[in-house]
Amino acid sequence: MTYDILKPNASDALKFIEKYHKSKADKTLLLLIGDCMIDYRGRARSFLDWGERVIMIKQDGAVLVHQPIMREPVNWQPTGSKTDFSVKDEQLILRSRHKSPPEKMKITFRSLQLVTATSLRDKAKLIIAGMETDVVNEIINNPDVIEGGLRISKREKHVKSGMIDLFGYDQNHVPVVIEVKRSIANISAVHQLRMYVNDVKKDVDEANVRGILCAPRVPDMVKKLLSDYGLEWQEVERRVVLPDDYQKTLKEFALQQ
Amino acid sequence: MFNAKVKSEVLKGIIDVTSPLVNEVKLNISPKGISLRAVDPAHVAMVDLAVKDKAFEEYKATDMELGIDMDKFGGIMRLSSSGDMVSLEYDEETNRLIVKIGNLVRKMGLIDTAGMPDPKMPNLSLPAKIVLKASEISQGVRASEAVSDHLALTVSKDNFELSAEGDTDTVNLKLPKDLLVELNATSKSRSLFSIDYFSNMIKPVKGEDPITIQIGNDNPIKVEFDIAEKKGHVTYLLAPRIESE
């Protein structure tokens, strides 16, 4: 059930919040849009002067304050914070407290455009695929995707100029440096690989060290540069990795019939 | 018109069965009793409930629908003690349900049912069926909750098995045919379910009361039991989780 109130004055807003939010704060998500000022004391001290913002109090007590631009909240309180509302001098005041670490946030509203209270259910967990680590894991599990006979001996090997994603030996026991990119390979990846290969050459005192750049796509320009430096590449398909078991919905079965 | 008198346990039973899945329900009222069918917002589980007029001490109704906020209704019912008689009356003029518990009169605003869906019960063929006492399975479910977020149910010719596997711990409950009220299966059926959902479905059934379970292979589960002193019946459907590989 979703309730809202448009352009309420402070006391109406408080009444609305007491009715729909305070009675079951752990089940209600509250959204406020208005002109406010924010005072925060906790791990640091901050003050944010008047401005129009979106404030969200999530069902776990987390508070997020968003300005009209940028991705990150400008102020926030963690999960488990307690929020109270009051009215003083015809201004709605939100106070959010968190015990450990001690953090206090006070938001004073001089006007409100909208207050919404709703209760959301969401049990799904985010599944992310296409991370660089997914590609790395796939190569470790199946080095043949790069070439037959390849053995991976180390993941994240430190060298002078940085960290090698994968290090191993080919079937002729020649050291192989593999740099993995999650999306299109670019010129800087080529230079990175070149430095790693040079580092390894010095470390193992071996003139023959191979470098392979792995990415879902390697553009022609990058391929050309790699050849110029005596390096190689391999285009590796990025598989969407689903968890080993996942929830079906009844819809899928209803449609089968 | 809807005008009824009923023991508070019957209404609490309806709330226990419904509220874990949905916040709002459309209660279908007919001269023969009340019923509801609802699907949770994730479309993972469905509840179908029917309570006959005989479950009420007094019952007078014509065909109509009531939109009920289950959290709110649950809050009202918590005001009653067990054994209390609760009277329900629909007030058409104000679109409220008048709930009377003893001398307390609580008028509850109703929700508009216009946009609320009428979910259809999928037509499933589930080859394995068992009937068992609630107490036999609830222990296994509780044990599984500590170990994993999903459990596997297996029915074979001679027994019923519940198992859960976590990263380090496992749970296994095997009930041979003679510990079950009924077992009807010609081959093995196994499906995986979310413990969160499943435990809410069997929680309303207590002690010796029987639960009927039907499963297939990677198919939804059907859980059925009686409420309101056998004058009401509940059917749950829960979609499985799928194991890949």
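Each remark here, short or long, concerns the structure printed above.
Residues numbered from 1 in each chain as written. Chains lettered and ligands numbered in written order. Predicted model: local features only at pLDDT ≥ 70, side-chain atom pairs only at ≥ 80, totals over all residues. Heavy atoms only, no water.

Q: How should the overall build of chain A be read in this particular structure?
A: Along its length, chain A carries five helices and 14 strands. Put simply, 52% of the contacts in chain A that link residues at least 6 apart link residues at least 24 apart. Accessible surface, chain A as shown: approximately 15100 Å² in total, 51% of it carbon and sulfur. (Helix = DSSP H or I, 4+ residues; strand = E, 2+ residues; numbered from the N terminus. Contact = heavy atoms within 4.5 Å. Areas by Shrake-Rupley, 256 points an atom, 1.4 Å probe, with all protein chains shown as cover.)

Q: What's the story with the nonpolar core in this structure? I'm lost.
A: One recurring pattern in soluble globular proteins is that nonpolar side chains are buried together. Residue and element names in this part refer to chain B. Counting residues in hydrophobic clusters, the biggest one holds 76 residues, and the most contacted among them are Phe2 and Phe198. The residue makeup of this core includes at least three contributed by each of domain 1 (2–109) and domain 2 (128–238). Once residues within four sequence positions are removed from consideration, Phe198 is found in contact with Ile137, Val141, Leu151, Leu153, Ile213, Ile221, Val223 and Leu238. (Core = buried A, V, L, I, M, F, W, Y, C linked by side-chain atoms within 4.5 Å. Buried < 20%, exposed > 50% of the residue type's maximum accessible area, 1.4 Å probe, protein only. Domains from an automatic or database assignment.)

Q: Even after reading the chapter, I still don't get the sheet that holds strand 9 (residues 151–159) of chain A, so can you show me in this structure?
A: Backbone-to-backbone hydrogen bonds join strands into a sheet, with any given pair of strands oriented parallel or antiparallel. Residues and elements named next belong to chain A. Strand order in the open sheet made by the five strands is 9-10-11-12-13, with mixed pairing throughout. In this open sheet, the two edge strands, each paired with only one partner strand, are strand 9 and strand 13 (232–235). Mean inter-strand twist for the sheet, computed between neighbouring axes without regard to direction, equals 30°. Where strand 12 (residues 210–215) and strand 13 come together, four bridges link them in parallel fashion. Following the sheet pairing, Leu213 is matched in strand 13 by Trp233. Running over the sheet, helix 4 (residues 220–228) touches strand 12 and strand 13 and is turned about 145° from strand 13. (Pairing = 2+ DSSP bridges. Axes fitted to C-alpha atoms, helices over the stretch in contact; angles between N-to-C directions.)

Q: Just checking my understanding: could you explain the pairing of strand 5 (residues 58–61) of chain B for this structure?
A: On a regular strand, each side chain points to the face opposite its neighbour's, so the side chains alternate between the two faces of the sheet. All names here are of chain B. The two faces of strand 5 differ: Tyr59 and Ala61 on one face are buried, but Glu58 and Lys60 on the other face are not. Two elements, strand 1 (residues 2–7) and strand 5, share four bridges in a ladder whose sense is antiparallel. Residue Ala4 lies in a different strand from strand 5, and its bridge partner there is Tyr59.

Q: Sorry if this is basic, but what is going on with the packing of aromatic side chains here?
A: One pair of aromatic rings is described through two measures. These are the centre distance and the angle between the planes. Going through the model one piece at a time under the given rule, you end up with six aromatic pairs over all chains. Geometrically, the ring pair formed by Phe2 of chain B and Tyr59 of chain B is edge-to-face, given 6.0 Å between the ring centres and 70° between the ring planes. Highlighted residues: Phe2 of chain B in strand 1 and Tyr59 of chain B in strand 5, separated in sequence by 57 residues. Pair check on accessibility: Phe2 of chain B and Tyr59 of chain B agree, each one buried. With centroids separated by 6.0 Å and ring planes inclined at 55°, the aromatic side chains of Phe225 of chain B and Tyr236 of chain B adopt a geometry described as tilted. One end of the pair, Phe225 of chain B, is in strand 17 (residues 221–227); the other, Tyr236 of chain B, is in strand 18 (residues 232–238), and 11 residues separate them in sequence. For Tyr236 of chain B, a relative accessible area of 1% gives the class buried. One aromatic cluster in this structure is built from Tyr3, Phe16 and Tyr20 of chain A. Cation over ring: Lys157 of chain A sits above Phe167 of chain A, and NZ or CZ is 4.8 Å from the ring centre. (Phe/Tyr/Trp six-rings, centres within 6.5 Å; stacked < 30°, edge-to-face > 60°. Lys NZ or Arg CZ within 6 Å of the ring centre and 35° of its normal.)

Q: In this structure, what is going on with the interface of chain A and chain B? I would like to understand it.
A: For an interface, size is often stated in terms of accessible area lost upon the parts coming together. Facing 20 residues of chain A, the contacting portion of chain B comprises 35 residues. In this assembly, chain A packs against chain B so that about 2200 Å² is buried in total across both faces, 51% of it on carbon and sulfur atoms. For the pair chain A and chain B, the number of links is one salt bridge. Among the ionic pairs, Asp71 of chain B bridges to Lys27 of chain A, the shortest N-O distance being 3.7 Å. Where chain A meets chain B, there are eight residue pairs in polar contact (both at pLDDT 80 or more). Elements with a contribution of two residues or more to the side of chain A that touches chain B: strand 14 (245–247) and helix 5 (250–256) of chain A. Considering each element in turn, the side of chain A that touches chain B owes the most residues, four residues, to helix 5 of chain A. Its residues placed into classes, the side of chain A that touches chain B shows seven nonpolar, four polar and nine charged. (Buried area = accessible area lost by both parts, 1.4 Å probe. Salt bridge = Lys/Arg side-chain N within 4 Å of Asp/Glu carboxyl O. Polar contact = N/O pair within 3.5 Å; in protein donor to acceptor, adjacent residues only side chain to side chain. Nonpolar A, V, L, I, M, F, W, Y, C, P; charged D, E, K, R; others polar.)

Q: In this structure, what is going on with the environment of Asp35 of chain A? I would like to understand it.
A: All names here are of chain A. Inspection of the secondary structure assignment puts Asp35 in strand 2 (residues 29–41). Exposure remark for Asp35: the relative accessible area of 13% places this residue in the buried category. Each C-alpha atom, one on Asp35 and one on Asp49, is 9.8 Å from the other, the two residues being 14 residues apart in sequence. Looking at Asp35, its side chain comes within polar contact range of the main-chain nitrogen of Gly51, at 3.1 Å.

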